[in-house]
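Topology and contacts: notes
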Amino acid sequence: MNWSLLASSYGAVFGNVQVLLMTFLGALGGVLLGAIPGMTATMGVALLIPFSFGMDLIPSIGLLLGIYCGGMYGGSISAILIHAPGTPAAAATLLDGYPMCQKGQAGKALSVAMFSSFVGGVIGALIMTFLSPIIADMAMNFGPGEMFMLAVFGLSVIVAISGKSIAKGLVSAFFGMLLCTVGLDPTNGIPRFITYKQTGLLEGFQFIPTLIGLFAVAEVIAGVERIIRGEEKQESSHEKITNVLPDWQTIKQIWPNILSGGIIGTFIGAIPGAGGDIAVFVSYGFNKSLSKHPELWGTGIPNGVASTESANNGCSGGAMIPLLSLGVPGDSVTAILLGAFIMKGIQPGPMMYISELPTVYKVFAALMLANLAMLVVGCLGVRFFAKIVSVEKKMLYPIILVISLLGAFSINKNVFDVGVCVVFGIIGWLMNKYEFPLSPILLALILGPMCEKNFVRYMNIQRGNFFAIFTSPIAMVFLVVAVATILFSIYKQSKINKREAAHKAAQKAQ
Amino acid sequence: MKKTKTQAFANLIGSLIFIALGAWALTQTYSFQEVKNTYVQAAVFPQIMCVGMLIFAIILLIQSIIKLMTMDENDPLAEPAASINFIKDRGVLAALFVMLLCVLFVMFFKSLGYVICGAVLCFVIMVLIGKRNWLQMALVSILVPLGMWLVFYKVLTVNIPMGPLQFLRDLVDMI
């Protein structure tokens, strides 16, 4: 590591007004775009890349990284406030973020999300700076078998997020996985559960309209029902936000979750094809399993928000590792960034560390700056965002519905997706009513396609010999951890159920 | 309380629905086209998912039956299940009405455009849930879809159907 070059690169980035301005503008745009359900960080980067054409490399990378980091945090705003994750990477944030909002702690949830995003992003940037060649080598050992086992490990989290009934959670998860198989088979293009005439479903159910339907539309329908019954409470609009950052007590409570989330996010982000949407659930399940009070997870605790938000921002650093070290983008945003590098005449890859080392260090510094910019924008906006919950529910629900349906349309500019969103809204409402958890469906929708694609690839490479997977050490580690997670979660859940039943019986006896 | 109104009974009905769905999907997979020289046919993965869903739905069914036979009034599953009886429950009726409005929104989205459909949807839901400040309702119903359209059209360059309000696009382009 060339320390003096690293220091001078940081100086060049942090002392350049154009880089500062572009990064802050990017972060602002990213936060606002990410907060709109249906608009992802990828779309934000893709939309704004033309603006970077005329700039030098580092200001343009600063702009794009600002959008990337801002978008990751922005997704949590709508997840916390209106139960509709702005981006897939914020999907797990609603598990605890929205209950916190319902308890009148929207401001606290937002500040925890922002702080965790920042620290997670910094962890990712630091790991990227110091360990990128080593991690890139590790990530390149991931073949289809390892990716399949990573997906299986991710799916093992379902047991941890199933709630009271594991059977119900698993039914929901298999239902979600079954939904992923609708459309054309990814390997041979064979139609499944559809005909070629049903063009809207050829690519299956689109993830974002399904997500918006299951969570936002279902919540609006349930909210209208509660208002008519007189059960809806107006959330306190008087939550005092004295500090835009979490207090010391909260930070002490959440720091292990932030740390582990940041590390998990960085490592998962570094694996090409695995992104923030997977990392958040892995981090959530991991942190819940290790918690002394797993029964509180999902009821609105800052630990849940911290574990997911640090993971998705950690991913931004992780995804840059294979991009810079190997020239392989870790996710769709870094794929666009790869294009930006090439446009400027720089080819990312192993040679970049030799021929363009100052540029590499400036990119490290730009990522750090992007996280800082996201924190500043978040701090400035947290009071404003928190005010959204004080809007009268009778006005808020119709507004959420109108915005959500537009978000569903905007992905593919397809009315069919709006229909899908409405249908899943109805399914989500019914499943919520009868306490079939929706989070396992969400996880299944994210991991199902990855699981199937890699399973099929692996089987074709190994000529049908699935058991060859037991010779891969990485795959075995994931399998062992997955089995341990499942067993541990079942044990913990049975303890929680027994404790709750005893508590209820005692309450009735009194 | 009648056992048919408990959460355990609702679980039983839910498990039966998923069993029916799983069984139907499994039978469908046998009609999927097969490809030569491949180790995993298109039907394999859906079949695994169907079998998984059937297994856990059957476990849920058995759990529910045992609960219905053995539970006492202190059991959490003996609590009343949520209702979907729209005749007795005005809340459910309102929820169904919102669903109907959403379906109409989808049906008329292309012909009437987002702004008109969104404004009507927003206004009717506000009326339904008892908001009566007409000026505020009218302003919110018009300005929110209009504002969102403007953001998506100008900032995010997403082309959204405008129906009879197509002239707004030309107007904005002119400005």
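Everything in this summary refers to the structure shown in the same document. (Residues numbered from 1 in each chain as written. Chains lettered and ligands numbered in written order. Predicted model: local features only at pLDDT ≥ 70, side-chain atom pairs only at ≥ 80, totals over all residues.)

Scanning chain B from terminus to terminus reveals six helices and zero strands. Ordering the α and β elements of chain B from the N terminus gives α-α-α-α-α-α. Buried residues in chain B amount to 32% of all 175 residues. Contacts in chain B between residues far apart in sequence, at least 24 positions, make up 59% of those at least 6 positions apart. (Helix = DSSP H or I, 4+ residues; strand = E, 2+ residues; numbered from the N terminus. Buried ≥ 20, exposed ≤ 12 C-beta atoms within 10 Å, placed from the backbone. Contact = placed C-beta atoms within 7 Å.)

A word on the nonpolar core. Core analysis: the largest hydrophobic core is formed by 216 residues, its most contacted members being Ile80, Val171, Val224 and Ala366 of chain A. Among the elements that take part in this core, helix α15 (residues 357-387) of chain A stands out by supplying 18 residues, more than any other. Domain assignment of the residues forming this core places at least three in each of domain 1 (3-78) and domain 2 (90-174) of chain B. Leave out the neighbours within four places in its chain, and Ala366 of chain A touches Val13, Val19, Thr23, Ile58, Ile61, Gly62 and Leu65 of chain A. (Core = buried A, V, L, I, M, F, W, Y, C linked by C-beta atoms within 7 Å. Domains from an automatic or database assignment.)

Moving on, we get to the packing of helix α16 (residues 393-410) of chain A against helix α4 (residues 114-128) of chain B. Interaxial distance between α16 of chain A and α4 of chain B falls to 9 Å at its minimum, and their mutual angle equals 155°. Judged by the angle between their axes, α16 of chain A and α4 of chain B are roughly antiparallel. Crossing angle aside, the handedness with which α16 of chain A passes α4 of chain B is right-handed. Residues Lys394, Met395, Tyr397, Pro398, Ile399, Leu401, Val402 and Leu406 of chain A of α16 of chain A form the contact with α4 of chain B, whose own contacting residues are Tyr114, Gly118, Leu121, Cys122, Ile125 and Met126 of chain B. Residues that form the contact of α16 of chain A with α4 of chain B fall into these classes: twelve nonpolar, one polar and one charged. (Axes fitted to C-alpha atoms, helices over the stretch in contact; angles between N-to-C directions. Parallel < 35°, antiparallel > 145°, perpendicular 65-115°, else oblique. Left-handed = near helix turned anticlockwise from the far one by under 90°. Nonpolar A, V, L, I, M, F, W, Y, C, P; charged D, E, K, R; others polar.)

Contact with chain B, which involves 60 residues of that partner, is made by 58 residues of chain A. At the level of secondary structure, the elements contributing two or more residues to the side of chain B that touches chain A comprise α1 (7-29), α2 (44-70), α3 (90-112), α4 and α5 (134-155) of chain B. Ranked by residue count, the leading element in the side of chain B that touches chain A is α3 of chain B, at 13 residues. Among the residues making up the side of chain B that touches chain A, the classes are represented as 45 nonpolar, twelve polar and three charged.

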